[in-house]
Amino acid sequence: HRTGKLHYPTDVCGPLFEEELSFWGLDSNQVEPCCWMTYTQHRNTQETLAVLDRLDLDTEKPTDEEVAKKFGFEDAYNKGKVSWWQHLKPQIWSLFDEPYSSNAAKIIGIISVFFICVSIISFCLKTHPDMRVPYIRNITVKTANQNTSWVLDKTQTNAHIAFFYIECVCNAWFTFEIMVRFISSPSKLRFITSSVNIIDYIATLSFFIDLILQRFASHLENADILEFFSIIRIMRLFKLTRHSSGLKILIQTFRASAKELTLLVFFLVLGIVIFASLVYYAERIQINPHNDFNSIPLGLWWALVTMTTVGYGDMTPKTYIGMFVGALCALAGVLTIALPVPVIVSNFTMYYSHTQARAKLPKRRRRVCPVELSRPPRLQGQGGPGVCNTGSGKLPSSNAPSTASMDQAIRRMNVNRTITKDVILPKMGK
């Protein structure tokens, strides 16, 4: 009021301050630059809360009306004509897709996690040499005396038969789970296009494809290459995101930090190309009979290993100029990787802190008083505010001041009192 500058009080809620600016007819863009970050912080908070709403981290049980709206039989619910399948379908869905909805759903979730872990452990253990059985073949050979003999060939090994039965049991459960979740899903299209579900039924389908290939294509050459596609089964670990809110927050953190990660990859590629070219020509300036950098593509591998501070040591510069380039490459890699890391950590901390604070809130919150719409003017002859004609059975007059209106007025008075007390009066006193 005195200086013509608008500053943001840090002890006032952001949305409430915006309401005050709108009430007094002030433009929010007139906030001074020193307070702009603080003023817009609440908008970032609201965006974070909207993201957490989409992640579906709440464990509270929805109402019957919300369930009917989600599964598309809201009209039948309002008419009271809900069929047995419409009543059973949400229960099956919550049983298999919402692990924290009930004790039975927790048991189903534990069983699902158990089969996922068993499948991953079996997939890893069957490659161990002690867990494999030699495949013995009789090979006919000719001796030096032109006689025919045979020898046993044990060079090839196969996984133990027990792993096959374990995979059969696990994939039987995964197939049953996919079918039940697909049948009871509220939206078939959303179920099919979900990334976690795509990994699930591709991994399950790879098991049956592997069985068919072993049955009909095992005699072909390079048939072992087909086993490479079974690695998709390891991607079932992403199914654990349905059972852990921390994994959901971690994935959302990488999504929110996509710009920073893209910037990191860009500068990393730029540095790799520059230092690979520099070290290639630096090693050729002096006499170097043990030069490891015969081409720039080989230097790209060295630059990548050096900038990421891995340092395998398979390729090293031998000249002083090459060592100097290597030192610059290592320093540039440390700085390039370290710069976007605080942004990613800040995003994860923001999502995690909001999730923890959200978990401590009451399960079901509601307004103390509903927000009331603007009232029409009182006509002549009507009773005064708050008058109720009990004899005719009429409700109280709508012109009576509501508690919500009074609360809103008191809230504005408190904010105005705070601004006047802490900002305007000290300046006027000075």
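What you see is a predicted model; the values in this text were computed from it and never measured.

(A) Main features of the packing of aromatic side chains. Under the definition given, this model contains 13 aromatic pairs. Measuring from centroid to centroid gives 6.0 Å for Phe-96 and Phe-176, while their planes differ by 70°, and the two rings are edge-to-face. Taken together, the positions of Phe-96 in helix α6 (residues 84–97) and Phe-176 in helix α8 (residues 161–184) put the pair 80 residues apart, joining distant regions of the chain. Judged by its relative accessible area of 11%, Phe-96 falls in the buried class. In this structure Phe-176 comes out as partly exposed when scored by relative accessible area, which is 44%. Where Phe-115 meets Trp-173, the ring centres are 5.6 Å apart and the plane angle is 20°; that geometry is what we call stacked. Note that Phe-115 is positioned in helix α7 (residues 103–125) and Trp-173 in helix α8, a separation of 58 residues in sequence.

(B) Quick peek at the pattern of salt bridges. Summed over the entire model, instances satisfying the criterion amount to four salt bridges. With its nearest N and O atoms 3.3 Å apart, the salt bridge here joins Asp-200 to Lys-239. Linking Asp-200 in helix α10 (residues 195–216) with Lys-239 in the loop between α10 and α11 (245–256), this pair joins segments that are 39 residues apart in sequence. With a relative accessible area of 2%, Asp-200 lands in the buried category. Here Asp-292 ties to Lys-318 by a salt bridge, and the two come within 2.9 Å at their closest N and O atoms. Within this pair, whereas Asp-292 is found in the loop between α12 (258–285) and α13 (296–307), its partner Lys-318 is found in the loop between α13 and α14 (320–338), the two being separated by 26 residues in sequence. A relative accessible area of 26% means that Asp-292 is categorised as partly exposed. Three or more residues joined by partner-sharing salt bridges are found here, namely Glu-177, Asp-200 and Lys-239.

(C) Representation of the UniProt feature "transmembrane region" (unreviewed entry) in the protein chain in the model. The UniProt record annotates "transmembrane region" (unreviewed entry) at residues 104–125, 162–183, 189–213, 261–281, 293–313 and 319–345. Taken end to end, residues 104–125 is 100% helix and 0% strand, and its first and last C-alpha atoms sit 31 Å apart. Across residues 162–183 one finds 100% helix and 0% strand; the C-alpha atoms that close the span lie 32 Å apart.

Reading the values: the criteria
Residues numbered from 1 in each chain as written. Predicted model: local features only at pLDDT ≥ 70, side-chain atom pairs only at ≥ 80, totals over all residues. Heavy atoms only, no water. Phe/Tyr/Trp six-rings, centres within 6.5 Å; stacked < 30°, edge-to-face > 60°. Helix = DSSP H or I, 4+ residues; strand = E, 2+ residues; numbered from the N terminus. Buried < 20%, exposed > 50% of the residue type's maximum accessible area, 1.4 Å probe, protein only. Salt bridge = Lys/Arg side-chain N within 4 Å of Asp/Glu carboxyl O. UniProt positions renumbered as here; feature names shortened; annotations may be inferred.

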